[in-house]
Amino acid sequence: MKKNTVAFKIAGAVFLILAAMIGGCEINPLSPPSWFINANLPIINKTYTILDLLEDEPNIFFTNEGNAYFNSESTTSQKFAKDLTQNGFGPTDVFLPSNLGDSSLGLTLDDSTFITRLDFEPTSPPGELILTFNPSGFQYTISITVENLFSISSGLPFTVSRTVNGSALTERIDLANYRITNPVPSNKLNFRIGVSSGFPGVVSFNYQVTRFAIKYASGRIKPENLGAKDTTIDKPFGDNNVKGALNLASVNEPKTYLVVKRTKSNYQVDVKDIQLRGENFFGRPVYFKYLKYDTVGAPTQPIDSVFNLRLPKGQDSAVYYVNPRNSNVLQFVGNIPKKVMLTRTTIINQNFDIGEIDNTDSITVYFTVELPLHFSILEPTTYNDTIDNKITLLSDREKIKKARRVDAEMHLTNGIPLLAYVKCYVVDSLDNVLFDLTTIMNNQTSDTVELPGAPVDVNGFVNNTTFRVYTGVLDSNYINLLLDMDRVIFRYRLYTDPNIIPAPDGRVRIRATDYLRNATFGTINYKIVP
């Protein structure tokens, strides 16, 4: 009995103590647990073949063996339109007896143009035949027929008859309504004139042919200088994205040439004092140089930045082949011009020969270039790639708001024979730069990461790949900026390094199997509360 009494006392004491503790404390409500988990933030994960990288380069092609080459044609045309003009003749006084039976008189149309047919182009002011019949102190009647000047509407020769008394009378004939035809080339208007009067004496008239434009002519026209023309050709070698300068190895000579072409006329055409000034993306100019006179019988001469081309009589086109021996084509194209300023002067019938011309014709100059992509880089070339990457899902945006860090990784595999310095930066919808991802990956020491070029064999072809991984951490200063992200831009500065290229000339080649792989992503570490 004594033992049981002691046990009850102890139990009672414990109970009293617990009761006192419970009565003296406040119990808080239970809270759920929380923890951090990871989620992926994909940016880009893609393998680009060289075909993908060059899909916006419409001038890059591949042979059956898969070797890349460049082919492009730039063109500029000069229409004759109203540029074919002649000076005309006069004014000239003609004196006649007051009584003259029908007589023939040849009056000059133009001092150096001998035509079998001439159609006139309407102009403002018009080309005119102006006849002024002068008073002679007595009345007289004069009749004139221009036997080789025919009305286009009626087909009849021009005829006029006027009686002149106290004042001069003037006839103005718009030549655009007429056509001259001759059996043999002639520079004359064939007048048949008759004069009658009741008084003996001398009468006179004045004739003038004003400056006129040629619509069509056959015969021997005097050399026609169409004047100097300036033309700017934008993107002459295609809408390429590459900027900088290349050291090119060669051209495909049978497919690299200048062409002068026309469609209708057959006079000799000389395109003289040609200048081609190409400017690349950075404004660096290079003048194209060619043989000063590339014509039959021309003496040997050095290449020049001012040169001449000729389209011989009777040919619709003339081809002038371009190669590294007669030009600086490799330097000119290697500058990757974004625009070319062309200056030239076109002269028609410089050799003063017989032919025909139509003012609907034009002279077109083509510059066609084809060359293998076998090169080294003289100046760093740049290539940009833009990735749309806006965070739009509400759940994803909530994860960003709850994130404490984002671990970024860039995995780069290079199967292209070019060393690249890669810059990656994030912009908002207004093109404001939010931050440089590559700067973060380089611990703020540089805004680019290096991707070595793929190794090549002695012929400049890729025979292996290179691989690099770069990492960085986005802290809270950058995480909130991700909510404004609209695009991610990759900028590549490309080089060739002769020190690691075994090819004797330090150049590399591009093949269809070359590729680049870029896997860039982030791991978001964010707080979750069930």
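If you're wondering where the values come from, they're calculated on a predicted model, not measured in any experiment.

Draft legend 1. Expanded view of the environment of Ser 196. Its place among the elements puts Ser 196 in strand S13 (residues 188-196). You can call Ser 196 partly exposed: its relative accessible area is 39%.

Draft legend 2. Region of interest: the sheet that holds strand S2 (residues 60-62). Read across the sheet, five strands follow the order S2-S3-S27-S18-S24 without closing on themselves; strand pairing throughout is antiparallel. The open sheet has two free edges, formed respectively by S2 and strand S24 (317-321), since each of these has just one partner strand. On average, each strand axis in the sheet is tilted by 20° relative to the strand beside it, whichever way the strands run. As paired elements, strand S18 (residues 257-261) and strand S27 (residues 362-372) share five bridges and run antiparallel to each other. Note on S27: the bridge partner recorded for Val 260 is Val 365.

Draft legend 3. Quick look at the nonpolar core. Judged by nonpolar contacts, the single largest core of 125 residues is most densely connected at Leu 129, Leu 131, Ile 144, Phe 205 and Phe 288. Those residues within four positions of Leu 131 in sequence are excluded, and the remaining contacts are Ile 144, Phe 158, Val 160, Leu 169, Thr 170, Glu 171, Ile 173, Phe 191, Phe 205, Asn 206 and Tyr 207.

Draft legend 4. Quick look at the pattern of salt bridges. For the coordinates displayed, the defined rule picks out 18 salt bridges. Between Asp 447 and Lys 423 there is a salt bridge, with the nearest N and O atoms lying 3.4 Å from each other. In this pair, Asp 447 sits in the loop between helix H5 (437-441) and strand S32 (449-451) while Lys 423 sits in strand S30 (residues 419-427), placing the two residues 24 residues apart along the sequence. On the basis of relative accessibility, which here comes to 32%, the residue Asp 447 falls in the partly exposed class. Salt bridges linked by common partners bring Lys 390, Asp 431, Asp 486 and Arg 487 together as one network.

Draft legend 5. Highlighting the confidence of the model for the chain. Overall, the predicted model of the chain reaches an average pLDDT of 85, with 87% of residues at or above 70. Note that pLDDT drops below 50 for residues 1-27; the model gives that stretch zero contacts with residues more than four away or on any other chain.

What counts, and where the lines are drawn
- Residues numbered from 1 in each chain as written.
- Predicted model: local features only at pLDDT ≥ 70, side-chain atom pairs only at ≥ 80, totals over all residues.
- Heavy atoms only, no water.
- Helix = DSSP H or I, 4+ residues; strand = E, 2+ residues; numbered from the N terminus.
- Buried < 20%, exposed > 50% of the residue type's maximum accessible area, 1.4 Å probe, protein only.
- Pairing = 2+ DSSP bridges.
- Axes fitted to C-alpha atoms, helices over the stretch in contact; angles between N-to-C directions.
- Core = buried A, V, L, I, M, F, W, Y, C linked by side-chain atoms within 4.5 Å.
- Contact = heavy atoms within 4.5 Å.
- Salt bridge = Lys/Arg side-chain N within 4 Å of Asp/Glu carboxyl O.
- pLDDT = per-residue confidence, 0-100.

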